[in-house]
Amino acid sequence: MTASLPADASALTPNDVRTIGDAIAGGQPTLGGPNAWADRKLHYNLVSPLNRHKFRIIVVGTGLAGAACAAALGEQGYDVHAFTFHDSPRRAHSVAAQGGINAARARKVDNDSLARFVKDTVKGGDFRAREADCWRLAEESVRVIDHLEAIGAPFAREYGGQLATRSFGGVQVSRTYYTRGQTGQQLEVAASQALLRQVAAGTVTLHTRSEMLDLIVDNEVEGGAARGIVVRDLVTGRIWSQTGHAVVLATGGYGNAFFKSTLAKNSNVSAAWRAHRRGALFASPSFLQFHPTALPLGSDWQSKTILMSESLRNDGRIWVPVQPNDPRAANDIPEAERDYYLERRYPAYGNLAPRDVASRAARDEIEAGRGVGPLHNSVYLDFRDPLARLGRPVLAERYGNLFEMYADATGDSPYAVPMRIAPGAHFAMGGLWSDYDLMTNIPGLFVGGEAGWAYHGANRLGANSLLSANVDGWFTLPYSIPNYLAPLLGTPVLADDAESVLRAVAETRASVETLAASPGTQGPDRFHRRLGEILYAHCGVSRSAAGLAEGIRLIRNLRHDFQADLRVAGDADGFNQELERAGRVADFIDLAELMCIDALDRDESCGAHFRLEHQLGDGEAARDDDNWSFVSAWERGPEGTYLRHQEPLHFESVQPETRNYKTS
Amino acid sequence: MSSTVRTHARRPLLSNFVCKTVMAVTGLIFSAFVLVHMLGNLKVYLGAEHFNDYAHWLREAFEPVLPYEGLLWVLRLALLASLAGHVACAALLWRRARVARGPVRRRSLPWRSFTARTMPVTGLVLLFFIIFHLLDLTTGIAPAASGAFEAATVNTSHAYENLVASFQRPLVGVFYALAMIVLGLHVAHGLWAAANDLGATGRRFRQVAVVASGVVALVIMLGNISIPIFVLLGVLK
Amino acid sequence: MKLTLKIWRQDSAAAAGRFESYSLDGAGEEFTLLEALDKLNDTLVETGQVPVAFDSDCREGICGSCGVTVDGVPHGPVANTPSCRQHLRSFADGSTVTLEPFRSGAFPVVRDLAVDRSGLDRIIEGGGYVSIDAGTATDADAHQVSHETAEAALDFAACIGCGACVAACPNGSASLFTGAKLMHLTLLPTTRQERGQRATGMTAAMDEEFGPCSVIGECVEVCPAGIPLTAIAGLNREKLRSVLRGKTS
Ligand SMILES: Cc1cc2nc3c(=O)[nH]c(=O)nc-3n(C[C@H](O)[C@H](O)[C@H](O)COP(=O)(O)OP(=O)(O)OC[C@H]3O[C@@H](n4cnc5c(N)ncnc54)[C@H](O)[C@@H]3O)c2cc1C
Ligand code: HEM
Ligand code: HEM
Ligand code: SF4
Ligand code: F3S
Ligand code: FES
């Protein structure tokens, strides 16, 4: 991961890689603050129970956002078709979330409230999110906990029998609900059970091992409308079309573009990207969160970065040796020669500083030569003090399975020696742009969960994204989709032999066949690894104009190599994982270029997007609200050119300030 | 692939649950029977008279409320019905398990589940044993029975003499001893399985059940096995 | 280290399968089993062969996607650990390792080491859910659940749906999976209304595709979530209870 800057560092300027388009509107209610969502719901159109079965809704993805949306619409009586490339809905990567889910239930007397939740979220996102969305997130968070608890998520309970909470990074209250270190799993299992309940009831048709490869847009409709998808049956290779009145993409995040990320091997951007190619705007692609508590890389063949939950930072203390390249073992370094740098630099938040801040601080230490471990690429997360204070049983109950996982992956027991952690690519704040109703700029195309961009601005607070996926799926899309559908009553779905359907299917088939026939010598994973290295080096924890320009150049070279030397073993008509990967890597390469373009374009630092040119004296991010208080929403022009639209941001409830995690 | 395309197999008349419950209940009946039977058998050590009186008592128990051999027939019918149920359900379950596991055999984890995996085999041996045993000591039909067999009469029983005569044939004695080991294996797992099949989830109960299954099986096995051994050693004559 | 991998190759559910041997050079002890397959596949692609298909996703033991039979044992030599967390350090340098798909009548082979486990989802469809619609739940703090109950429910809820229990079971039974779900839900206060129906529905769905349980107990030896045998007793208890009390609650 050496950032080799090009000789002609200023080769590319933003103007070489993009043009600037019109401003766009987010469609949030004019009435801001806590009443906005109630007011908006009041004005939504409704579909009567008798008519609901006449509407067919396609939901792609069965993670928390998708399973919830499909189940909730099924419960209401719509004709839902749910798709996942997994063999079972439960395997969506939501299942891997560990730490917890936030909710502004404010039961404790630690002075939490809806307003504080909004403030934390907007501030945590470094004022690059739409404030109105955050109010909805806060308000619906209460019902999310109630509902998931009711449908089977066994949330941790206090000894008195009440729901237990803990703290997460970036907040000073305790609003994170959890089930040991398996929160995502329990929520995902509960949601997929709710989905299967609808499958049994006949309202949802579930298509597993089915990958969406294209969006069908009906251009006969004024302004275009999303009316279906093209799907590949991953077992038989059959390419077919599913039409409907609306399409929801809940296809998860794209952090896997970095290859070594906390995401699953098969996580991808393809569904969102293909929609983008059909005209959907892509918001803030470069806003990608690096998780400070990932495990450092060990071998070249390591297939991913394992995440250690942020919850560990509740008790664990992060430090590095004061002495660069200190050769001693962790436990041999005396207290006086340890630098608890987060506690030192951010006394108010200490080890629970937000992720971007913690990741950057770790990177600073590692780059200053104080990194630990054989490759000097990590920092310590030490449980010595809490072990002495709380005892082993308490720690075992809080973090037992995480410690086990760590020991399993590294061979070291965190009870005996400090863990080693490092920043790893994690969560995509960016995604398909959508308005307040979660509809993209293509009418009828909705987006939910991590596939979208909503709520998190330039940096997501820990435990807010399980929440956002749930709020989208259970308590937003089931209101906003009917609003869209109501006027369409009586409109049939596109026929399977409609021109736009046949064209999309034919195009997909052709591109799959081209891909399958790639005559080169290297499998898609090779290119994916190379892409990840480029992104880590040039579009990682910190970025510079020169580095990004170089990144773009390298990515274009990579694309060229990919086209010239890709080999896809096996045939197109059958189960072919190489073919699946090849398609995904192709999209990642395109996305990576746009990430770099977006990062090059955004000439400020904000949240996870840290431009070396823009830092305050003490190394903190220097945001530029005068020029950049907007969301970038990218349109793809002909031949890979890009047009940047902007949605201006307004803040009513939380006034922009410089984030300060030092004193307050 | 679409999970909505569901093919409903025909529901069998006897569900697995029914079969399992029948297995467990009949298995428990058997176990209770062999335990009591073993205790009765131990009377051999009190001498021929005691033993024969006991066997005789079995036949005339509760007379005149019950006719001669009344109790015995009640027991016999209950046991016969149980045996039919137990064996039939075992066969059904075995067959279904074979189909479900598919054509490829899996390599079993060594030993840990030995008694469990051998239930059908030990069961079959027991079936054969029971038939042999009835021919030998109840009906007295050769070649199972020894030439010296004398049937019980209204006044007296020759159970002791029949037993000793039978077990004095070394092959038969050894067969009995081996069969008792098989029985121990079958009961050891059987009782534990029955506890599970009848839904014992309590932590304490399960701990007790594990130990109890082993102990009961061992007691039955050792109690019974001593008899052919002592006959072969010439202690019992 | 160097290993010989004897791998089951099968082109589709209908095709006949066969073992093929590959030698894997230069893998490290710290590799996971699946990373070893990644490396092998990389070489196969490079040399113009068709790579080995196998399912995996999270690679950290939580999604339940992975699952191969290693030397006859589902998931691999380290007990209660999913394939993605099995490491090469378990094998001696130079040894031969046999990799097969999960074997069970209810798990048809999709290709090579990948199988179709959708039967497990059909068990859930039989009733492994809570019939409470979105938005209709009451306040989760309005009812208390003891700390122990919540923890116990979680012990059973930890099942990752990998299907190893089925593959390990000489009877091809999915009782551990089904029992885990029944126990998980039964312990929670909001799910009691449909207790009987759930037990009846799930066992019926299970019996359609999977075998009966004879309490052989090999399932618990491989289960990566550490689901205990109590789950199966729980399954029987719930079913018995529903029969004795009538169906619905
Ligand atoms: C290791 C890890 C830990 C995390 N911990 C936390 C935490 O503690 N708290 C928190 O709040 N957040 C956490 N997050 C983030 C959070 O889990 C995710 O943002 C969230 O679960 C995403 O849910 P989703 O429904 O949007 O997508 P996913 O759950 O990723 O689901 C995506 C779905 O889309 C399907 N899909 C994708 N593409 C296609 C296609 N082309 N065709 C068909 N189907 C497709 C997939 O099969 C899958 O079903 C964590 C994330 C990771 C990776
Ligand atoms: C007569 C021939 C017998 C056969 C063929 C036989 C066979 C079996 C088999 C195959 C099982 C396992 C059933 C399952 O799949 O769960 C079983 C269980 C059992 N058997 Fe037998 N058995 C026989 C006799 C006996 C006898 C004589 C006893 C008692 C001493 C006995 C006691 C049990 C018990 C307690 C169980 C456990 C039932 C359960 O599964 O809950 N069996 N038997
Ligand atoms: C070494 C062990 C055993 C000995 C010494 C023994 C001895 C006897 C004797 C002497 C009788 C005849 C009683 C009579 O006719 O009055 C008898 C009957 C019988 N035994 Fe056993 N037995 C043994 C083991 C078993 C076992 C393991 C079983 C069951 C699995 C069994 C089942 C029976 C039955 C069913 C009868 C017939 C009862 C009747 O209908 O009259 N026995 N046994
Ligand atoms: S019970 Fe265990 S082995 Fe079976 S599916 Fe669940 S996690 Fe896998
Ligand atoms: S191995 Fe099979 S028989 Fe029962 S105890 Fe486990 S399901
Ligand atoms: S790949 Fe997810 S559990 Fe193994």
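Observations regarding the overall build of chain A
Thinking step 1. Scanning chain A from N- to C-terminus turns up 18 helices and 21 strands.
Thinking step 2. Relative to a compact globule of 664 residues, whose C-alpha radius of gyration would be 26 Å, chain A shows 24 Å and is just as compact.
Thinking step 3. Each principal axis of the C-alpha atoms in chain A carries an extent, and together these give about 75 × 60 × 50 Å.
Thinking step 4. Every one of the 664 residues in chain A was classed for burial, and the buried ones make up 68%.
Thinking step 5. Here the contacts in chain A between residues at least 6 apart in sequence split such that 75% fall between residues at least 24 apart.
Thinking step 6. When the accessible area of chain A is evaluated, it comes to approximately 20,900 Å², of which 51% is carbon and sulfur surface.
Thinking step 7. One finds the centroid of the 68 positive side-chain charges in chain A at a distance of 4 Å from the centroid of its 80 negative side-chain charges.

Observations regarding the pairing of strand 5 (residues 96-101) of chain C
Residue and element names in this part refer to chain C.
Thinking step 1. Of all six residues in strand 5, five are buried; the element is thus mostly enclosed.
Thinking step 2. Relative to strand 5, strand 1 (residues 3-9) runs parallel, the two being bridged by four bridges. Bridged to Thr4 within strand 5 is Thr96.
Thinking step 3. Across three bridges, strand 3 (residues 68-70) lies against strand 5 in antiparallel orientation.

Regarding the site of ligand 2
Thinking step 1. Not every one of the 26 residues close to ligand 2 is listed here, only the nearest: Lys20, His86, His186 and Asp197 of chain B together with Ser214 of chain C.
Thinking step 2. Chains contributing residues to the immediate surroundings of ligand 2 are chains B and C.
Thinking step 3. At 2.4 Å from an oxygen atom of ligand 2 is found a side-chain nitrogen or oxygen belonging to Lys20 of chain B.
Thinking step 4. Between His186 of chain B and ligand 2, the recorded distance is 2.8 Å, taken from a side-chain N or O atom to a nitrogen atom.
Thinking step 5. If you list the elements that add at least two residues to the shell around ligand 2, you get helix 1 (16-41), helix 3 (70-101), helix 5 (119-139) and helix 7 (170-197) of chain B.
Thinking step 6. Residues of the shell around ligand 2, tallied by class, amount to 17 nonpolar, seven polar and two charged.

Structural notes on a nonpolar patch on the surface
Residue and element names in this part refer to chain B.
Thinking step 1. Together, Leu35, Val36, Leu39, Val210, Val211, Val215 and Val219 make up a nonpolar patch on the protein surface, roughly 570 Å² of accessible area in all.
Thinking step 2. Mapped onto the nonpolar patch, the elements with two or more residues apiece are helix 1 and helix 8 (203-232).
Thinking step 3. A per-element tally of the nonpolar patch places helix 8 first, with four residues.
Thinking step 4. For Val211, the location among the structural elements is in helix 8.
Thinking step 5. The class for Val211 is exposed, based on a relative accessible area of 51%.

Looking at the domain arrangement of chain C
All names here are of chain C.
Thinking step 1. Annotation of chain C at the domain level lists domain 1 (3-114) and domain 2 (117-245).
Thinking step 2. Here the C-alpha centroids of domain 1 and domain 2 sit 29 Å apart.
Thinking step 3. Each partner contributes residues to the interface: domain 1 has 19 residues there, and domain 2 has 18 residues.
Thinking step 4. In total, about 1,300 Å² of surface goes out of reach between domain 1 and domain 2, with carbon and sulfur atoms giving 60% of it.
Thinking step 5. When residues of domain 1 are sorted by the area they lose upon contact with domain 2, Pro74, Asn80 and Phe107 head the list and together hold 39% of the total.
Thinking step 6. Counting across the domain 1 and domain 2 interface gives one salt bridge.
Thinking step 7. Notably, a salt bridge pairs Asp55 with Arg117, separated by 3.9 Å at the nearest N-O pair.
Thinking step 8. Applying the counting criterion to the domain 1 and domain 2 interface returns five residue pairs in polar contact (both at pLDDT 80 or more).
Thinking step 9. Per-class residue counts for the side of domain 1 that touches domain 2 are ten nonpolar, seven polar and two charged.

Considering the coordination of the iron atom of ligand 2
All names here are of chain B.
Thinking step 1. The coordination sphere of the iron atom of ligand 2 contains the protein donors His86 (NE2) and His186 (NE2), at a distance range of 2.0 Å.
Thinking step 2. In this structure, the iron atom of ligand 2 is coordinated by six donor atoms arranged in octahedral fashion, with angles at the metal of 86 to 180 degrees. Of this pair, His86 sits in helix 3 while His186 sits in helix 7, placing them 100 residues apart in sequence.
Thinking step 3. For His86, a relative accessible area of 12% gives the class buried.
Thinking step 4. Given the relative accessible area of 12%, His186 is considered buried.

Overview of the sheet that holds strand 5 of chain C
Adjacent strands of a sheet form backbone hydrogen bonds with each other and so pair up, either parallel or antiparallel.
All names here are of chain C.
Thinking step 1. In spatial order, the strands read 2-1-5-3-4; together these five strands make up an open sheet with mixed pairing. In this open sheet, the two strands that pair with only one neighbour each are strand 2 (18-24) and strand 4 (73-74).
Thinking step 2. Packing against the sheet, helix 1 (residues 33-46) makes contact with strand 1, strand 2, strand 3 and strand 5, and its axis sits at approximately 90 degrees to strand 2.

Conventions and cut-offs
Residues numbered from 1 in each chain as written. Chains lettered and ligands numbered in written order. Predicted model: local features only at pLDDT ≥ 70, side-chain atom pairs only at ≥ 80, totals over all residues. Heavy atoms only, no water. Helix = DSSP H or I, 4+ residues; strand = E, 2+ residues; numbered from the N terminus. Rg over C-alpha atoms; globule rule 2.2 N^0.38 Å. Buried < 20%, exposed > 50% of the residue type's maximum accessible area, 1.4 Å probe, protein only. Contact = heavy atoms within 4.5 Å. Areas by Shrake-Rupley, 256 points an atom, 1.4 Å probe, with all protein chains shown as cover. Lys, Arg positive; Asp, Glu negative; His and termini not counted. Charge placed at Lys NZ, Arg CZ, Asp CG, Glu CD. Pairing = 2+ DSSP bridges. Near = heavy atom within 4 Å. Polar contact = N/O pair within 3.5 Å; in protein donor to acceptor, adjacent residues only side chain to side chain. Nonpolar A, V, L, I, M, F, W, Y, C, P; charged D, E, K, R; others polar. Patch = residues over 30% accessible without salt bridge, like charges linked within 9 Å, V, L, I, M, F, W, Y side chains within 5 Å. Salt bridge = Lys/Arg side-chain N within 4 Å of Asp/Glu carboxyl O. Domains from an automatic or database assignment. Buried area = accessible area lost by both parts, 1.4 Å probe. Donors = N, O, S within 2.8 Å, 3.2 Å for Na, K, Ca; no water. Tetrahedral: all angles 85-135°; square planar, octahedral: opposite > 155°, others 65-115°. Axes fitted to C-alpha atoms, helices over the stretch in contact; angles between N-to-C directions.

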